[in-house]
Amino acid sequence: MSGHSKWSTIKRKKEKTDGARAKVFTKIGRELAVAVREGGSADPSANAKLRECIAKAKANNVPNENIERIIKKAAGSADGSNYESITYEGYGPCGIAVIVETLTDNRNRTAGDIRHYFDKFGGNLGTQGCVSFMFTQKGLLIIEKEDNDEDKLMEDALEAGAEDFSSESADVYEIYTDPADFSAVMEALENKGYVFVSADVSMIPSTYTKIDDPEACEKMQKLLDMLDDNDDVQNVYHNWDMPESDDED
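Residues numbered from 1 in each chain as written. Predicted model: local features only at pLDDT ≥ 70, side-chain atom pairs only at ≥ 80, totals over all residues. Heavy atoms only, no water.

J.: How do you make sense of the pattern of salt bridges when you look at a structure like this?
T.: When their charged atoms lie close together, side chains carrying opposite charge are able to pair. Following the criterion strictly, the structure yields eleven salt bridges and no others. Residue Lys56 pairs with Glu31 through a salt bridge whose shortest N-O separation is 3.2 Å. Placement of the pair is Lys56 in helix α3 (residues 48-59) and Glu31 in helix α2 (residues 18-39), with a sequence separation of 25 residues. Across the pair, Glu31 and Lys56 agree in class, each one buried. (Salt bridge = Lys/Arg side-chain N within 4 Å of Asp/Glu carboxyl O. Helix = DSSP H or I, 4+ residues; strand = E, 2+ residues; numbered from the N terminus. Buried < 20%, exposed > 50% of the residue type's maximum accessible area, 1.4 Å probe, protein only.)

In structure tokens form, the structure reads like this:
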């Protein structure tokens, strides 16, 4: 199991401008608010989805006071309760499998946007289930290699209940968990002083696909960028084995 392409995507997002980071904060804020309302509780210990969202927020450097303010507001307000979660599946250039998770208050607008992006950049939007069978939901914790001992981290992670540990990436360690164990493993490692560059329950592909054609690579990256920039899109998962050279763009 490899999170190489996941890490490539995370690095790109972390290198974006302040304006783009503000958009990430807004999206995570919406996700937090919906988690409170749908989970029926503003208490993370009683709301697993909220715990996951808080972990994601912290890994994206959302300040604690922002997180607390969003949760408090969501708990005492019905505003925004009309958002619904819709997942789209399709293929990018060269048959790359893509899953797009959205939160929207206008499904017609969102569906039109998503379809337009796929069509514009050489892909096609498919039916529900057309690519999701290629993915498995897993908790994924990513920790920088610098200043962290591999053997000690692996021991701590497995002791905390992690399913798998990978050091394949040049920059980071990847820790995989069952989704139900994600919060417990994350909390155990946090208590030992580990800091995450990413912490989320993700859709992990069973296999990755390379794109050899430079033009198709460019189209695939533009598709991902357009999806990421859309306000309604919360998460994008894919099985593109992104070239190492793209990491440094």
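J.: Before we go on, may I ask you to explain the layout of surface pockets in this structure?
T.: To find the voids left in a structure, one rolls a probe of water-molecule size over its atoms. By volume, the largest pocket amounts to about 410 Å³. Tallied by class, residues from the lining of the largest pocket come to eight nonpolar, seven polar and seven charged. (1 Å grid on protein atoms, 1.4 Å probe; cavity = no way out; pocket = protein on both sides within 12 Å on 5 of 7 lines; lining within 4 Å. Points joined across faces, edges and corners; volume = space filled by probe spheres on them. Nonpolar A, V, L, I, M, F, W, Y, C, P; charged D, E, K, R; others polar.)

J.: Mind showing me how you'd approach the confidence of the model for the protein here?
T.: Note that predicted coordinates carrying low pLDDT should not be read in detail. For the protein, per-residue confidence averages 87 on the pLDDT scale, and 88% of positions sit at 70 or higher. Every residue in residues 245-249 is under pLDDT 50, and counting partners more than four places away or in other chains gives ten contacts. (pLDDT = per-residue confidence, 0-100. Contact = heavy atoms within 4.5 Å.)

J.: What should I look at first to understand the sheet that holds strand β2 (residues 97-104) in this one?
T.: In a beta sheet, neighbouring strands pair by backbone hydrogen bonds and run either parallel or antiparallel. Ordered in space as β3-β1-β2-β8, the four strands form an open sheet in which the pairing is antiparallel. Only two strands of the sheet have a single partner each, and these edge strands are β3 (124-125) and β8 (233-238). The pairing of β2 with β8 spans five bridges and is classified as antiparallel. When the bridges of β8 are listed, Val100 appears paired with Val236. Contacts from helix α5 (residues 107-120) reach β1 (84-91), β2, β3 and β8, with the element oriented near 20° to β1. (Pairing = 2+ DSSP bridges. Axes fitted to C-alpha atoms, helices over the stretch in contact; angles between N-to-C directions.)

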